[in-house]
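Remarks on the overall topology
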Amino acid sequence: MSTETQRSEEVRSQDPVSYIDLRSDTVTRPTQAMRAAMAAAEVGDDVYGEDPTVNLLEASAARIFGREAGLFVPTGTMGNQIGIRLHTQSGQEIICESRSHIVDWEMGMAAVFSGCQLRAVTAEHGIVTWKHIEPVIKRASVHNAPTGLISLENSHNMAGGAVTPLSVFGEIWNGAHEIGIPLHLDGARIFNASVALNVPVAVLTSGFNTVMFCLSKGLCAPVGSMLVGNRKAIERGRMIRKALGGGMRQVGVLAAAGLIALEEMPKRLAEDHANARYIAEKLSDLPQVELDLAAVQTNIVIFGLKEPRKPEELVARLKQRGVLCGAVGTNSIRFVTHHDVDRAACETAAKAAVEEIAKL
């Protein structure tokens, strides 16, 4: 065997695809249709606005969400931070839920880039209502930082993929618009929420000034997120994207996959939800587990272990069984279902989890 062949065999032996990977829906790989579209994509210089595939993706996103314009960005974090910068001034506060992505996973960028502090409220299942928001709104004064933005998340990642109903949003939209406070939605998994509620994304997001959503994660594009809003906001957002280093050039090769993600992949998300529910039901009756089945509404299952400091041990044991998952905090485990893990794999993973939890 040649040295090159031996190296190839070693790489294949370490291939994470051999695992049932439930760590996140970010691990999804582009479909064959996406790969073919990427290879054949018509491209141009997107910074000059000349990439036809990107232009089509941005127009399609705007149409599906009932907006004037869309902006292709490399990451959801960049999309959120552009949205924050659009709506705020340095020295203001942003109201959000305490487990929000912008709180825990965006490297303090609301402060670093926009000069804002976060006013976090804690809500059951991450579902923020106007009753949570209204008491912490601050008007401009010489004594404190005024509220500049309300930023919400749907579905809510660290609340186990819980979804906020349209009626709850409606009350928030009315209250915020009456006061004149803009709203941004971190809709990284908004299509999961849309499927769970059976409400079109254009309706479910209609009261937000800007919406970010991911083309990766459950929609399987290899890279990319979108920011949608009115034309003026997106024009300014394009400049902010450039300031953040997000001015991409012949990026139609990625936008081509994004078009398939946007137009085709939401149709199958119900499968992921059903698989998550299957895993949750298998775990919920175990005496060692704390799990609220009512909170399992989309493709995320977060459950607690009654015995402290056991999650890392369980994660390690499951990896030895060929199942990848993640610890959340000090006492919880997260499984995320997605396109690359079918029902048979979820059955195998659930069986392994039940058996290993029983040994703790």
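Since the model is a prediction, treat every value here as computed from it, not as a measurement.

Cut-offs used in this document
Residues numbered from 1 in each chain as written. Predicted model: local features only at pLDDT ≥ 70, side-chain atom pairs only at ≥ 80, totals over all residues. Heavy atoms only, no water. Pairing = 2+ DSSP bridges. Helix = DSSP H or I, 4+ residues; strand = E, 2+ residues; numbered from the N terminus. Axes fitted to C-alpha atoms, helices over the stretch in contact; angles between N-to-C directions. Contact = heavy atoms within 4.5 Å. Expected span 1.5 Å × (residues − 1). Buried < 20%, exposed > 50% of the residue type's maximum accessible area, 1.4 Å probe, protein only. Polar contact = N/O pair within 3.5 Å; in protein donor to acceptor, adjacent residues only side chain to side chain. Core = buried A, V, L, I, M, F, W, Y, C linked by side-chain atoms within 4.5 Å. pLDDT = per-residue confidence, 0-100. Left-handed = near helix turned anticlockwise from the far one by under 90°. Nonpolar A, V, L, I, M, F, W, Y, C, P; charged D, E, K, R; others polar.

Here's the deal with the sheet that holds strand β6 (residues 183–186)
The 7 strands lie next to each other as β2-β8-β7-β6-β5-β3-β4, forming an open sheet whose pairing is mixed. Here the strands that pair on one side only, and so sit at the sheet edges, are β2 (69–73) and β4 (117–121). Ignoring strand direction, the axes of neighbouring strands in this sheet form an average angle of 20°. As paired strands, β6 and strand β7 (residues 210–214) are joined by 3 bridges and run parallel to one another. Opposite L185, over in β7, you have V211 as the bridge partner. Where helix α11 (residues 231–243) meets the sheet, it contacts β2 and β8 (225–229), and its direction lies at approximately 20° from that of β2.

With respect to helix α12 (residues 252–263)
Along its 12 residues, α12 runs 16 Å from first to last C-alpha, staying within 8% of the 16 Å computed at 1.5 Å per residue. Among the 12 residues of α12, 10 are classified as buried, and the element is accordingly described as predominantly covered. Among the residues of α12, those classed as buried are G252, L254, A255, A256, A257, G258, L259, I260, A261 and L262.

Concerning the pairing of β8
Along β8, 5 of the 5 residues are buried, which leaves the element largely enclosed by surrounding structure. Neither face of β8 is open: one carries S225, L227 and G229, the other M226 and V228, and all of them are buried. Where β2 meets β8, 5 bridges bridge the pair, whose relative direction is antiparallel. Bridged to L71 within β8 is L227.

Concerning the side chain of N154
In this fold, N154 is placed in the loop between β5 (147–153) and α8 (166–179). Taking relative accessible area as the criterion, N154 reaches 0% and is therefore assigned buried. Polar contacts involving the side chain of N154 include one to the main-chain amide nitrogen of T164, which spans 2.8 Å. When sequence neighbours within four positions are dropped, the list of residues in contact with N154 reads A162, V163, T164, F169, L185, D186, G187, R189, I190, A193 and L204.

Let's talk about the nonpolar core
Nonpolar side chains in soluble globular proteins generally cluster together in the buried interior. Grouped together as the largest cluster of nonpolar side chains are 51 residues, with contacts concentrated most on F72, I150, I190, F191, F213 and L215. In terms of residue count, α12 provides more of this core than any other element does, 7 residues in total. In this structure F191 touches I64, F65, V201, F213, L219, L262, P266 and L269, once residues within four positions along its chain are discounted.

A short note on the sheet that holds strand β9 (residues 289–290)
Overall, antiparallel pairing links the 4 strands, which are arranged β9-β10-β13-β12 in an open sheet. Among the strands making up the open sheet, the edge pair consists of β9 and β12 (326–328). Bridge analysis of β12 against strand β13 (residues 332–336) gives 3 bridges, and the strand direction is antiparallel. For G326, the partnering residue across the bridge sits in β13 and is R334. Contacts between helix α14 (residues 311–320) and the sheet are confined to β10 (300–305), β12 and β13, with β13 contributing the most and set at about 40° to the helix.

Overview of the confidence of the model for the protein
Put simply, the protein has an average pLDDT of 94, and 95% of its residues get 70 or more. Confidence over residues 1–14 falls short of pLDDT 50; this stretch has 2 contacts with residues more than four positions distant or in other chains.

Focus on the packing of helix α2 (residues 32–40) against α12
In a pair of packed helices, the angle between the axes and the distance between the axes together describe the arrangement. For the pair α2 and α12, the least separation of the axes is 8 Å and the interaxial angle reads 145°. As for the relative orientation of α2 and α12, their crossing is right-handed in sense. Side by side, α2 and α12 meet where A33, M34, A37 and M38 of the first sit next to V253, L254, A256, A257, I260 and A261 of the second. A breakdown of the residues in the contact of α2 with α12 according to their chemical character gives 10 nonpolar, no polar and no charged.

Focus: the environment of A256
Examined against the element boundaries, A256 turns out to sit in helix α12. On the basis of relative accessible area, A256 is assigned to the buried category, the value being 7%. With 214 residues separating them in the primary sequence, A256 and E42 have C-alpha atoms 8.6 Å apart. With residues up to four places along the chain from it excluded, the contact list for A256 reads A37, M38, A41 and T53.

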